[in-house]
Amino acid sequence: MAQPFPVTDIAHVIQLSVAPVFLLTGVGALLSVLTSRLARVVDRARRQEDKLEHLSAERHPELLDELRKLSRRARLMNWSISLVTACALLVASVIVVLFGGALYAIDVSLPAAALFVLGLICLIGGLLVFLREIYLATIHLRLGPFQ
């Protein structure tokens, strides 16, 4: 007959999983901000594309330049979202690995630590790309007479 799984072991794994779950909550909120920002960039690009048909030929280069800038920003946001999503997947994997290790009574400290560190590297990368997008948005900002 199989050895029963001790409740104290699962309680300890749940305690260990609390920190990654809180991190997942923060990452989820960050993903919400990033997707909203991407949606705004895409909406702006669509409005500018609609204007392209109605503008005179001499204004086309200016509008095409803005569309190139918006395209670059959208690509950066896509990278940021991808990296932050990878972070969420890796952190969720940490939780699964912890439970699997407890269930099968094997040492998973190395894979759990590696997944967690990889998740944090993805989070850092996503935040750096997001910072770059914000920088591009602000250097191309037009404020009427204050240009």
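Residues numbered from 1 in each chain as written. Predicted model: local features only at pLDDT ≥ 70, side-chain atom pairs only at ≥ 80, totals over all residues. Heavy atoms only, no water.

### What about a nonpolar patch on the surface?
Just so we agree on the cut-off: Each patch is built from salt-bridge-free residues with over 30% relative accessible area, joining like charges within 9 Å and nonpolar side chains (Val, Leu, Ile, Met, Phe, Trp, Tyr) within 5 Å. Each accessible area value is a Shrake-Rupley result obtained with a 1.4 Å probe; residue values ignore everything except the protein chains displayed when judging cover. Salt bridges, as used here, are contacts in which a Lys or Arg side-chain nitrogen is within 4 Å of a carboxyl oxygen on Asp or Glu. The helix count covers DSSP runs of H or I at least four residues long, the strand count covers runs of E at least two residues long, and both are numbered beginning at the N terminus. Each residue is placed in one exposure class: buried if its accessible area under a 1.4 Å probe, protein chains only, is under 20% of its type's maximum, exposed if it is over 50%, and partly exposed if it falls in between.
Taken together, Ile 14, Val 18 and Phe 22 make up a surface patch of nonpolar side chains, about 300 Å² in accessible area. Checked against the element boundaries, Phe 22 lands in helix H1 (residues 7–52). Judged by relative accessible area, Phe 22 falls into the exposed class, the value being 60%.

### Points about the side chain of Ser 80
Operational definition: Any two residues whose heavy atoms approach within 4.5 Å are treated as being in contact.
Here Ser 80 shows up in helix H2 (residues 60–104). In this structure Ser 80 comes out as buried when scored by relative accessible area, which is 0%. In contact with Ser 80, other than residues within four places in its own chain, are Leu 34, Gly 126, Val 129 and Phe 130.

### Quick notes on the environment of Val 42
Here Val 42 is to be found in helix H1. On a C-alpha basis, the gap between Val 42 and Pro 111 in space is 39 Å, while along the polypeptide they are 69 residues apart.

### Quick notes on the packing of H2 against helix H3 (residues 109–139)
Heads up, the condition is: Between N-to-C directions, angles span 0 to 180 degrees; the directions come from axes that are lines fitted to C-alpha atoms, helices contributing only their stretch in contact. Should an angle fall under 35 degrees it is taken as roughly parallel, and over 145 as roughly antiparallel, whereas 65 to 115 is taken as roughly perpendicular and any remaining angle as oblique. In this scheme the crossing of two helices becomes right-handed for a clockwise turn of the near helix relative to the far one and left-handed for an anticlockwise turn of less than a right angle. Each residue is assigned to one of three groups, with Ala, Val, Leu, Ile, Met, Phe, Trp, Tyr, Cys and Pro labelled nonpolar, Asp, Glu, Lys and Arg labelled charged, and all others, Gly among them, labelled polar.
Where H2 contacts H3, the axes come no closer than 8 Å and their chain directions differ by 160°. The angle between H2 and H3 places the two elements in the roughly antiparallel class. Crossing hand, H2 versus H3: left-handed. The class makeup of the residues in the contact of H2 with H3 is 22 nonpolar, five polar and four charged.

### Things to note about the nonpolar core
Put simply, the rule is: Take the buried residues of types Ala, Val, Leu, Ile, Met, Phe, Trp, Tyr and Cys, join any two whose side-chain atoms come within 4.5 Å, and each joined set is a nonpolar core.
One finds Val 27, Leu 34, Val 84, Cys 87, Leu 98 and Leu 123 to be the most contacted residues of the largest nonpolar core, which totals 21 residues. Those elements that provide at least two residues to this core are H1, H2 and H3. The element contributing the most residues to this core is H2, with ten residues. Among residues more than four places away in sequence, those in contact with Leu 98 are Val 13, Leu 16, Ser 17, Val 108 and Ala 112.

### Focus on the side chain of Gln 48
As for its placement among the helices and strands, Gln 48 is situated in helix H1. When near neighbours in sequence (up to four residues on either side) are disregarded, Gln 48 contacts Leu 63, Glu 66, Leu 67 and Leu 70.

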